[in-house]
Amino acid sequence: MTGKRTGQANGGPRSGRLTEAQRKTYARDGVVFPVDVLDGAEVADCLRRLEAVEAERAGRLPPALNAKPHLLLTWLWDLVHDPRIVDAVEELIGPDVLCWGTSFISKTGHDDRFVSWHQDATHWKLARPAALTAWLALTPSRRDNGCVRVLPGTHLAPVPHEDTTDRDNMLGRKERVLEPLDVSRAIDVELEPGQMSLHHALVIHGSDPNRSGRRRTGFAIRYVAGNVGQAGGRRNLATLVRGRDHGLYELEQAPEADFHPDAAARHARSLRAGMSMIFDDNPSAHAGRRPDRD
Ligand SMILES: O=C(O)CCC(=O)C(=O)O
């Protein structure tokens, strides 16, 4: 990883520029992929580190550790700041870049869990949806193991959603788009390990169960334009990744070391603020459970 853990990324090495064609695709479709980020050795190292954390915790990352884990693990803090990701993000949302959230989104082999059709911005309560997700594949992500699927061109306006209750739905509020969708238009965001997709906070997307015997894991990084706060001026915490602080969030700090007690205490606070942002208007959706992703 090339990002600096302590410094903000101003003036760091720049290597992740998008081509004009990629920028046009994003503007038209609300998604662009594949974008090469990590080489084979780097992505294998990330997966090995994740599996080591999982192995110490009965084979699964507990949900409380899987919300903003970049505040707990130094290598994820580095990844969130990696210029190969942030350069591309900057081209799409501007020079001031905040990280609003991170999580691993994993499906084991033969996993019935799925992600319903939704727009990410629905429950983020941002003042405006100048935000996107960098979804970095740590394993192959293909149709048969439940890759992300996107309805291109649906990022231009918010649409109504309803919360649902299906236990296999991986979303925090199990929300889904209310209106009928022509899912025959969906595209499969197939990625090789080390590649990312970038999807707009309003593009309608979801994913199917993993029908294969192979794990599918991505690391989702939610980036927000630095001049976009929470709606109604509500206070939240975020990580300044690049550029200028507009004073809209309390800024998060780098972990001193993996699972350092001070980092763990700060993480718990960030997590509470983030969860209340998503769940406060529907506390029953929050009762006793945390999402598999934010
Ligand atoms: O990883 C998945 O299956 C769904 C991804 C998703 O909904 C997201 O990153 O916003």
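Thresholds applied
Residues numbered from 1 in each chain as written. Predicted model: local features only at pLDDT ≥ 70, side-chain atom pairs only at ≥ 80, totals over all residues. Helix = DSSP H or I, 4+ residues; strand = E, 2+ residues; numbered from the N terminus. Rg over C-alpha atoms; globule rule 2.2 N^0.38 Å. Contact = placed C-beta atoms within 7 Å. Core = buried A, V, L, I, M, F, W, Y, C linked by C-beta atoms within 7 Å. Buried ≥ 20, exposed ≤ 12 C-beta atoms within 10 Å, placed from the backbone. Pairing = 2+ DSSP bridges. Near = placed C-beta within 6 Å. Nonpolar A, V, L, I, M, F, W, Y, C, P; charged D, E, K, R; others polar. Axes fitted to C-alpha atoms, helices over the stretch in contact; angles between N-to-C directions. pLDDT = per-residue confidence, 0-100.

> Whenever I open this one, the overall build of the protein chain confuses me. Can you help?
Of the regular secondary structure elements, the protein chain holds six helices and 13 strands. Relative to the globule expectation of 19 Å for 294 residues, the C-alpha radius of gyration of the protein chain, 17 Å, shows essentially globular dimensions. Each of the three principal axes of the protein chain carries a C-alpha extent, and together these read 45 × 45 × 40 Å. Across the protein chain, contacts joining residues at least 24 apart in sequence account for 84% of those joining residues at least 6 apart.

> Please explain the nonpolar core as it appears in this structure.
The tendency in soluble globular proteins is for nonpolar side chains to be buried side by side. In this structure, V89, L98, A131, A134, L198 and Y223 are the most contacted members of the largest nonpolar core, which totals 62 residues. Setting aside its immediate chain neighbours within four residues, L198 contacts Y26, V31, V32, V35, A88, L92, L132 and A134.

> Even after reading the chapter, I still don't get the pairing of strand 2 (residues 97-107), so can you show me in this structure?
Taking burial as the measure, the 11 residues of strand 2 include 11 buried ones, the bulk of the element. By the bridge criterion, 10 bridges tie strand 2 to strand 11 (residues 216-225) in an arrangement that is antiparallel. Bridging from a neighbouring strand, L98 pairs with V224 of strand 11. Here three bridges tie strand 2 to strand 12 (residues 237-242), and the two strands are oriented antiparallel to one another. Among the inter-strand pairings, V97 is bridged to a residue of strand 12, identified as R242.

> It is not clear to me how unusual backbone geometry should be interpreted in this structure. Could you clarify?
Trans is the prevailing form of peptide bonds, just as negative phi is the prevailing case for residues other than glycine. Of note, the amide linkage connecting F33 to P34 takes the cis form, showing an omega dihedral of -10 degrees. If you trace the backbone, P34 turns up in strand 1 (residues 31-36). Of note, the phi angle at H110 is positive, near 50 degrees, even though the residue is not glycine. Residue position: H110 is located in the loop between strand 2 and strand 3 (115-118). Notably, K174 is not glycine yet its phi reads approximately 50 degrees, a positive angle.

> Can you help me understand the site of the ligand in this one?
Taken together, I105, V115, D120, T133, W135, V148, H205, S207, G218 and A220 are the residues near the ligand. Breaking the shell around the ligand down by element, the ones donating at least two residues are strand 4 (131-137), strand 10 (204-207) and strand 11. Residues that form the shell around the ligand fall into these classes: five nonpolar, four polar and one charged.

> Just checking my understanding: could you explain the sheet that holds strand 13 (residues 250-251) for this structure?
The pairing of strands in a sheet comes from backbone hydrogen bonds and takes either a parallel or an antiparallel form. Here we have seven strands laid out as an open sheet, ordered 1-9-4-11-2-12-13, and mixed in their pairing. Only two strands of the sheet have a single neighbouring strand rather than two, namely strand 1 and strand 13. Strand contacts of helix 1 (residues 20-29): strand 1 and strand 9 (195-200), with the helix running at about 145 degrees to strand 1, the strand carrying the most contacts.

> Even after reading the chapter, I still don't get the confidence of the model for the protein chain, so can you show me in this structure?
Any segment with low pLDDT has predicted coordinates that should not be analysed in fine detail. Here the protein chain averages 92 in pLDDT, while 90% of its residues score no lower than 70. Segment residues 1-14: pLDDT under 50, and 35 contacts once partners within four positions in sequence are set aside and those in other chains are kept. This model gives residues 286-291 a pLDDT under 50, and the stretch forms seven contacts once residues within four places in sequence are excluded.

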